[in-house]
Amino acid sequence: MAPLHYLFLSLCFVSCTFAQLKRFHHSSMEDGSLNFLVVGDWGRRGDYNQSDVAFQMGKIGNELDIDFVLSTGDNFYDNGLTGVNDPTFEESFTKVYTATSLQKQWYSVLGNHDYRGDAEAQLDPILRKIDGRWLCLRSFVIDTEIAEFFFVDTTPFVDQYFAIPNEHSYDWRGIGVREKYMANLLKDLDSALRESHAKWKIVVGHHAIRSVGHHGDTEELVKRLLPILETNNVDFYMNGHDHCLEHITSKNSPLQFLTSGAGSKAWRGDAKGWNENGVQLFYDGQGFMSVQLNHMVAELRFYNVFGRVLHKWHMSKPLHSAI
Ligand SMILES: *[C@@H]1O[C@H](CO)[C@@H](O)[C@H](O)[C@H]1NC(C)=O
């Protein structure tokens, strides 16, 4: 774990009053490019091909010389962490993502399974003492100059988790009054997006807005989150939740819906499939996604458990476009 002191230095833990979302700075490469991997729905102590996916992430991470890794949530199965001392943290994270190229900062959101355990444990800075790569908050912003990332806590938006009776219990400490929490978050997100001058605007949440996988679209997000992303010219929405890889284009805007939720258990076999509008990729098995950004081009790639590229897509922007 030699490069950890470097990671601490490269991550500036200064929060400002720019909207209410906590902001962090992560520098792009000197040439202004930024490369990263996206994985979701992973923590199963290496089982269900988690270790195989991790191995391929290490190889691709090395080839692309990645800056960081994004986790789209459902970090620890089945029920999140029991507390900051839960050995699951090391068994499913530290001891699985061991490749040198993955010893970079990880930025994570919480998924619904994380809320079934001690959700606040995953947010606790003590975890960074155990593994310096870890940073998980409910909602926050990472500014990399070329791109700005807006992480959104989507679990509290989903009505089903608040139904009574419920087969699961959720740790809603820290949420307060649900409607107020959601309204504040959307307001803060909207103003942070509005003020952003980044070339690429990327929003990350656990639940899909659009998906043809098992869970399908998250109606609550279609209704409340999607209009904010479209109004503010967001380029990509990245999520997990459905244990598959997907790329879906939007009918109404340049927004691309990207599901990377295939970090371990997959092969659900009940997708609605390819016939739906705008589906560029649907893959039911394990894998992950890479993103390469520079001032003109974004390139996305999806990989399976063997590291084979399943789908490649790129998008260009004029060099001096006004936002
Ligand atoms: C692991 O990956 C291989 C190749 O895709 C697949 O055949 C196998 O079913 C996977 N195992 C599990 C437990 O999903």
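It should be emphasised that the depicted structure is a prediction, and the values quoted were computed from it without experimental measurement. (Residues numbered from 1 in each chain as written. Predicted model: local features only at pLDDT ≥ 70, side-chain atom pairs only at ≥ 80, totals over all residues. Heavy atoms only, no water.)

Chemist: Is there a simple way to explain the sheet that holds strand E4 (residues 105-108) in this structure?
Modeler: One key point about sheets: their strands pair by backbone hydrogen bonds, in either a parallel or an antiparallel sense. Pairing is mixed in the open sheet, where seven strands are placed in the order E5-E4-E3-E2-E13-E14-E15. With one partner strand each, in any of the chains shown, strand E5 (134-136) and strand E15 (309-316) form the two edges of the open sheet. Averaged over all adjacent pairs, the angle separating strand axes in this sheet is 20°, with direction ignored. Across the sheet, helix H2 (residues 50-64) touches strand E2 (34-39), strand E3 (68-71), E4, strand E13 (287-293) and strand E14 (297-304), and the angle it forms with E13 is around 15°. (Pairing = 2+ DSSP bridges. Helix = DSSP H or I, 4+ residues; strand = E, 2+ residues; numbered from the N terminus. Axes fitted to C-alpha atoms, helices over the stretch in contact; angles between N-to-C directions. Contact = heavy atoms within 4.5 Å.)

Chemist: Help me understand H2, please; the structure alone is not making it clear to me.
Modeler: What sets the pattern is the α-helix's 3.6 residues per turn: residues three or four places apart point alike. Under the 1.5 Å per step criterion, the end-to-end length of H2 is 21 Å for 15 residues, consistent within 8% with the ideal 21 Å. Within the span of H2, buried status applies to Gln50, Val53, Ala54, Gln56, Met57, Gly58, Ile60, Gly61 and Leu64. Buried-residue contacts for H2 involve E2, E3, helix H3 (88-94), E4, E13 and E14. Aspartate 65 lies just past H2 and shows a positive phi near 50°. (Expected span 1.5 Å × (residues − 1). Buried < 20%, exposed > 50% of the residue type's maximum accessible area, 1.4 Å probe, protein only.)

Chemist: Even after reading the chapter, I still don't get the UniProt feature "binding site: Fe cation 2" (unreviewed entry) in the protein chain, so can you show me in this structure?
Modeler: Those places that UniProt annotates as "binding site: Fe cation 2" (unreviewed entry) correspond, in this numbering, to Asp74, Asn112, His206 and His241. A maximum C-alpha distance of 8.3 Å places the annotated residues, which cover 168 residues in sequence, within one compact spot. In the annotated group above, the largest cavity draws its lining from His241. In this structure, aspartate 74 sits in the loop between E3 and H3. Discounting chain neighbours no more than four positions away, the residues touching aspartate 74 are Asp41, Trp42, Gly43, Leu110, Gly111, Asn112, His113, Asp114 and His206. A polar contact of 3.1 Å, which involves the side chain of aspartate 74, links it to the side chain of tyrosine 77. Here histidine 241 is to be found in the loop between strand E9 (236-239) and strand E10 (245-249). Sequence-distant contacts of histidine 241, defined by excluding residues within four places in its chain, comprise Asp41, Asn112, Tyr161, His206, His207, Ala208 and His215. (UniProt positions renumbered as here; feature names shortened; annotations may be inferred. 1 Å grid on protein atoms, 1.4 Å probe; cavity = no way out; pocket = protein on both sides within 12 Å on 5 of 7 lines; lining within 4 Å. Polar contact = N/O pair within 3.5 Å; in protein donor to acceptor, adjacent residues only side chain to side chain.)

Chemist: Whenever I open this one, the site of the ligand confuses me. Can you help?
Modeler: Surveying the vicinity of the ligand reveals the residues Tyr48, Asn49, Trp267, Gln286, Val305 and Phe306. Asparagine 49 places a side-chain nitrogen or oxygen 2.3 Å from an oxygen atom of the ligand. At 3.0 Å, a side-chain N or O of glutamine 286 approaches an oxygen atom of the ligand. Here the ligand loses 55% of its free accessible area of 360 Å² to cover by the protein chains. Grouping the amino acids of the shell around the ligand by side-chain chemistry returns four nonpolar, two polar and no charged. (Near = heavy atom within 4 Å. Areas by Shrake-Rupley, 256 points an atom, 1.4 Å probe, with all protein chains shown as cover. Nonpolar A, V, L, I, M, F, W, Y, C, P; charged D, E, K, R; others polar.)

Chemist: What am I meant to see in the pattern of salt bridges here?
Modeler: Working definition: two side chains of opposite charge can pair if their charged atoms are close together. One pass over the full model with this rule turns up 17 salt bridges. With its nearest N and O atoms 2.6 Å apart, the salt bridge here joins arginine 45 to glutamate 91. Taken together, the residues span a long stretch of sequence, with arginine 45 in the loop between E2 and H2 and glutamate 91 in helix H3 at a distance of 46 residues. Each of the salt bridges in this network shares a partner with another, and the network as a whole consists of Asp118, Glu120, Arg138, Asp171 and Arg173. (Salt bridge = Lys/Arg side-chain N within 4 Å of Asp/Glu carboxyl O.)

Chemist: What exactly am I supposed to notice about the pairing of E4 here?
Modeler: Every other side chain in a regular strand lies on the same face of the sheet, so the side chains alternate between the two faces. Covered by surrounding structure in E4 are Gln105 and Tyr107 together with Trp106 and Ser108, the residues of both alternating faces. Across four bridges, E3 lies against E4 in parallel orientation. When the bridges of E4 are listed, leucine 70 appears paired with tyrosine 107. Sheet topology note: the E4/E5 ladder contains three bridges and is parallel. If you follow serine 108 over to E5, its bridge partner there is cysteine 136.

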